[in-house]
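Below, each chain spelled out in residue letters.
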Amino acid sequence: MFQPEYEKRLLQGYTEQTAGKEQLDLRCIPVRTGNRWASNYSLSPDLNSGQSEEETMPNSINEMHHNSAYACLLRNEFLDTEVSSIDQCQQSPIMRSEMGDFKERESTRLLRFAQRSSRTVPALRTPFANVSEASQRLLSISKSPVRRLSRLPYKILDAPELQDDFYLNLIDWSSENMLAVGLGSSVYLWSACSGQVTRLCDLSQEDNQVTAISWHSGGRQVAIGTLSGYVSIWDAERQKQLTKLEGHSARVTALAWRGNSLASGSRDRTILQRDICVPPSNIVRCLHGHRHEVCGLQWSPTWQYLASGGNDNRLLVWTAQNPEPIYSFNDHKAVVKALAWSPHKTGVLGSGGGTADRCLRFWNVLTGQLIQCVDTGAQISNLAFAQNSAELVTTHGYAQPQVVVWRYPSLKQVVRLSGHSHRVVYLAVSPDSESIVTGGGDETLRFWSVFTKRQTPKVPSSVLSLNQNIR
């Protein structure tokens, strides 16, 4: 279509030096090489640092972010840049708006005269005919797929008479896929497999109420704390009360199993540890450390440490043998109810504060040091780690009733889930650690899919593999 000499000047913007004389051309030829079309001629995205990554990016910007490796590959082949890593092309929206695609500012004029240059014209290279070395390194980098989370619950159940009390623990999910919920003076069981609902017990004749629920690790026995101060152990399959544990003088608000041993925290500021296999009157240990109501109890995965949180803004760590706490953390400025131990790293404990604190803190109980802290901006009611991934979930009350999924240890928000019209007070994790159920002051239970599935290990197919042919 064009002569070779004219095509060179059109694409590269250089003037040729022939026979020692400058060949001038006063025609206005648009030079489009090196223009930054995406940054100079498009609207900048709304940069709102208070929201998560997915919420700050519109669809077009989000799509550009995910296709940035492809965009850098085009730059390498058509514009002769040397982008060789994902980090070079995945810049933040702030960096793109301030610096553009390149560090050196260039003219944004669409039409301009070609600049005189004494440099020799480089040989033209047909794009993708010989892929450059930088593009080869870029293509060799494997990019993990982006995980998409649904922002809507996959199931909603009505929960009439579900108390809007921050200090109670009224839902728990068993290893047999049975959900126990305390509604007023009754405890109901909901089967996640069949959807069948069964009423386990009714305390209305005693003028009593359910204040805490916790399943045994075996999935058949469930402990129920009451307003009057006793704890009853029920066989869920036979729907029969096995034993009744007394000893507290006020309501029981927290329960934690350690094998056949049950720890209970109460408004009377004590923690009682009892063995359900011995007579109910035998109390193994009575722990005194909190000055106000105990509302959070969690055993570590190894059953070596017991964490307790209370309305005195204190977080205490106990051992199975010592009657005194080995650590007393006073950094929280409000009630400490949300507690969880990391299943991936020994000795890492997470805790969340109430309305006046709103901070999520992580501790190393092996050294007694604070690892990190982040202000969530809302009351933290519950906390749970994922079993199959490096993530965790928190539920919040005042002033943002929502569920937040975090990456750990970077503490970057993955997604925010909104649906409850009142504060989210209760949380339970499914036995496969893929789903959670939340309960709120709006008297509803909402089921969410938030965590990744467990990856099945690949079985080697080699004939040299051991135990392959054993039947």
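Structure report, in brief. What you see is a predicted model, and the numbers here were worked out from it, not measured in a lab.

Parameters and conventions
Residues numbered from 1 in each chain as written. Predicted model: local features only at pLDDT ≥ 70, side-chain atom pairs only at ≥ 80, totals over all residues. Heavy atoms only, no water. Helix = DSSP H or I, 4+ residues; strand = E, 2+ residues; numbered from the N terminus. Buried < 20%, exposed > 50% of the residue type's maximum accessible area, 1.4 Å probe, protein only. Contact = heavy atoms within 4.5 Å. Core = buried A, V, L, I, M, F, W, Y, C linked by side-chain atoms within 4.5 Å. Pairing = 2+ DSSP bridges. Axes fitted to C-alpha atoms, helices over the stretch in contact; angles between N-to-C directions. Salt bridge = Lys/Arg side-chain N within 4 Å of Asp/Glu carboxyl O. Disulfide = S-S within 2.5 Å.

1. With respect to the overall build of the protein
So, step 1. Across its full length, the protein carries eight helices and 30 strands.
So, step 2. By residue count, 45% of the 471 residues in the protein fall in the buried class.
So, step 3. The contacts in the protein between residues at least 6 apart in sequence include a share of 48% that link residues at least 24 apart.

2. Details of the nonpolar core
So, step 1. By size, the foremost hydrophobic cluster in this structure holds 30 residues, and its most contacted members are L162, L179, V437 and L445.
So, step 2. Broken down by secondary-structure element, the contributors of at least two residues to this core are β4 (171–173), β5 (178–183), β6 (186–191), β7 (197–202), β8 (210–215), β9 (221–226), β28 (424–429) and β30 (444–449).
So, step 3. With four residues, β5 is the single largest residue contributor to this core.
So, step 4. With residues near it in sequence (within four places) discarded, L162 still touches L170, V181, G182, L183, Y426, G439, G440, E443, T444 and L445.

3. Considerations on the sheet that holds strand β24 (residues 380–385)
Two orientations exist for strands paired in a sheet by backbone hydrogen bonds: parallel and antiparallel.
So, step 1. One open sheet accounts for four strands, arranged β24-β25-β26-β27; its pairing is antiparallel. In this open sheet, the two strands that pair with only one neighbour each are β24 and β27 (413–417). Geometrically, the sheet is characterised by an average inter-axis angle of 15° between neighbouring strands, direction not taken into account.
So, step 2. Relative to β27, strand β26 (residues 403–407) runs antiparallel, the two being bridged by four bridges. Residue pairing for β27: V405 is matched across the bridge by V415.

4. So, the pattern of salt bridges
So, step 1. If you walk through the whole model with that rule in mind, you get 11 salt bridges.
So, step 2. Note that R238 and D235 form a salt bridge whose closest N and O atoms lie 3.2 Å from each other.
So, step 3. Of the residues examined, D235 reaches a relative accessible area of 5% and is grouped as buried.
So, step 4. A salt bridge links R251 to E293; the nearest nitrogen and oxygen atoms lie 2.9 Å apart. Taken together, the residues R251 in the loop between β11 (240–245) and β12 (252–258) and E293 in the loop between β15 (285–288) and β16 (294–299) connect sequence positions 42 residues apart.
So, step 5. Residue R251 is classed as buried on the basis of its relative accessible area, which comes to 9%.
So, step 6. Salt bridges here are not isolated pairs; linked through shared partners, they connect D165, R251, R267 and E293.

5. Description of unusual backbone geometry
So, step 1. Across the junction of Y398 and A399, the peptide omega takes the value 0°, indicating a cis bond.
So, step 2. Positionally, A399 belongs in the loop between β25 (391–396) and β26.
So, step 3. The residue after Y408, namely P409, is reached through a cis peptide bond having omega 15°.
So, step 4. Locating P409 in the fold gives a position in the loop between β26 and β27.

6. Some words on the environment of I436
So, step 1. Tracing the chain through its elements places I436 in strand β29 (residues 435–440).
So, step 2. With relative accessibility at 0%, the residue I436 sits in the buried group.
So, step 3. It is 6.6 Å that separates the C-alpha atoms of I436 and S449, two residues lying 13 residues apart in sequence.
So, step 4. Contact partners of I436, with chain neighbours within four places excluded, come to W173, V393, V403, L427, A428, V429, R446, F447, W448, V450 and F451.

7. Quick look at the state of the cysteines
So, step 1. With the rule as written, the count across this model stands at zero disulfides.
So, step 2. Its sulfur unpaired, C359 is 4.1 Å from the next cysteine sulfur, which belongs to C373.
So, step 3. Looking at C359, the relative accessible area reads 11%, which means it is buried.

8. Focus on the environment of D165
So, step 1. When you line up the elements, D165 lands in the loop between β3 (155–158) and β4.
So, step 2. On the accessibility criterion, D165 (17% relative accessible area) is buried.
So, step 3. Each residue touching D165, except ones within four places of it in the same chain, is listed here: R251, R423, V425 and Y426.

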